[in-house]
Amino acid sequence: VSQSRYGWSTQRDDMGEPDQHEERSSNSIQQRTEQNVHERQQIEEQTKGILENSTKDLYARLHKVVKHLCEKISDSEAQFRNSIIGNICELCDLLRDMNISDDPEFEKTRRRIEESLCKIDPQELREDKEIRQKTANEAQSILDAMAGYL
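Quick caveat, the model's predicted, so the values are computed rather than measured.

Rules used in this analysis
Residues numbered from 1 in each chain as written. Predicted model: local features only at pLDDT ≥ 70, side-chain atom pairs only at ≥ 80, totals over all residues. Heavy atoms only, no water. Helix = DSSP H or I, 4+ residues; strand = E, 2+ residues; numbered from the N terminus. Buried < 20%, exposed > 50% of the residue type's maximum accessible area, 1.4 Å probe, protein only. Patch = residues over 30% accessible without salt bridge, like charges linked within 9 Å, V, L, I, M, F, W, Y side chains within 5 Å. Areas by Shrake-Rupley, 256 points an atom, 1.4 Å probe, with all protein chains shown as cover. Salt bridge = Lys/Arg side-chain N within 4 Å of Asp/Glu carboxyl O. Lys, Arg positive; Asp, Glu negative; His and termini not counted. Charge placed at Lys NZ, Arg CZ, Asp CG, Glu CD. Axes fitted to C-alpha atoms, helices over the stretch in contact; angles between N-to-C directions. Parallel < 35°, antiparallel > 145°, perpendicular 65-115°, else oblique. Contact = heavy atoms within 4.5 Å. Expected span 1.5 Å × (residues − 1). Arc of directions from axis to C-beta. Core = buried A, V, L, I, M, F, W, Y, C linked by side-chain atoms within 4.5 Å.

## Comments concerning unusual backbone geometry
Phi is positive for Asp102, close to 50°, though the residue is something other than glycine. By the element assignment, Asp102 lies in the loop between helix H2 (83–98) and helix H3 (104–116). Take Asp102: its relative accessible area is 62%, and that puts it in the exposed class.

Okay, structure coming up:
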């Protein structure tokens, strides 16, 4: 038994079996640890689901603008504005930073669109049927490749 300077006394028994309080405390710690592990797993699963949905949304956005371009330029009589290409380029720029899961397939698709469609001059699409058809084929090829991600 020891006396502290505040008048409290404590008794330490370093020998012998742990008392019931220590056992309950140990069980409580183990239960909390198991609960924390379970909660962590739930959070990881939810986060994974959120990232998957986010990536699907990014694909859907790209798909929408590429499909619009493909539909317009596949019809040789259809008219379109210069912004049809500009919108694709702006979206590609924006989505570069929105790929929070760093999905390499998404980035590969985004770069493909940027490199093959953003460099097209809308006026050339109007004037040159061969470039227009080639671009329509490339847009359709991109859409086909994206189909598995939607």
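## Describing a negative patch on the surface
On the surface, Asp121, Glu124, Glu127, Asp128 and Glu130 cluster together into a negatively charged patch. Along the chain, Asp128 falls in the loop between helix H4 (122–127) and helix H5 (129–146). Exposure remark for Asp128: the relative accessible area of 31% places this residue in the partly exposed category.

## Brief notes about the packing of H3 against H5
The axes of two packed helices give the description: the angle between them and the distance between them. One way to put it is that H3 packs onto H5 with a least axis distance of 11 Å and a crossing angle of 175°. One way to sum up the angle between H3 and H5 is to call them roughly antiparallel. Listed contacts from H5 to Thr109, Arg112, Ile113 and Ser116 of H3 are Glu138, Ser141, Ile142, Ala145 and Met146.

## Focus: the pattern of salt bridges
Enumeration according to the criterion identifies 7 salt bridges in this entry. Close ionic contact of Arg110 with Glu107 constitutes a salt bridge, the shortest N to O distance being 2.6 Å. Here Glu107 and Arg110 lie together in helix H3, a separation of 3 residues that amounts to about one turn. Where Glu138 meets Arg112, a salt bridge forms, and the shortest distance between an N and an O atom there is 3.0 Å.

## Re H2
When the terminal C-alpha atoms of H2 are compared, their 22 Å separation across 16 residues agrees well with the 22 Å that a helix rising 1.5 Å per residue should span. Along H2, the residues classified as buried are Ile84, Ile85, Ile88, Cys89, Leu91, Cys92 and Leu95. Viewed along the axis of H2, the buried residues span an arc of 165°, placing them on a single side of the element. Of the exposed residues in H2, the ones pointing more than 90 degrees away from its buried face are Glu90 and Asp97.

## A short note on the nonpolar core
As a rule of thumb, soluble globular proteins bury nonpolar side chains together. Formed by 27 residues in total, the largest nonpolar core has its most connected members in Leu62, Val66, Leu69, Ile85, Ile88 and Ile113. Among the secondary structure elements, those contributing two or more residues to this core are helix H1 (20–74), H2, H3 and H5. Top contributing element to this core by residue count: H1, with 8 residues.

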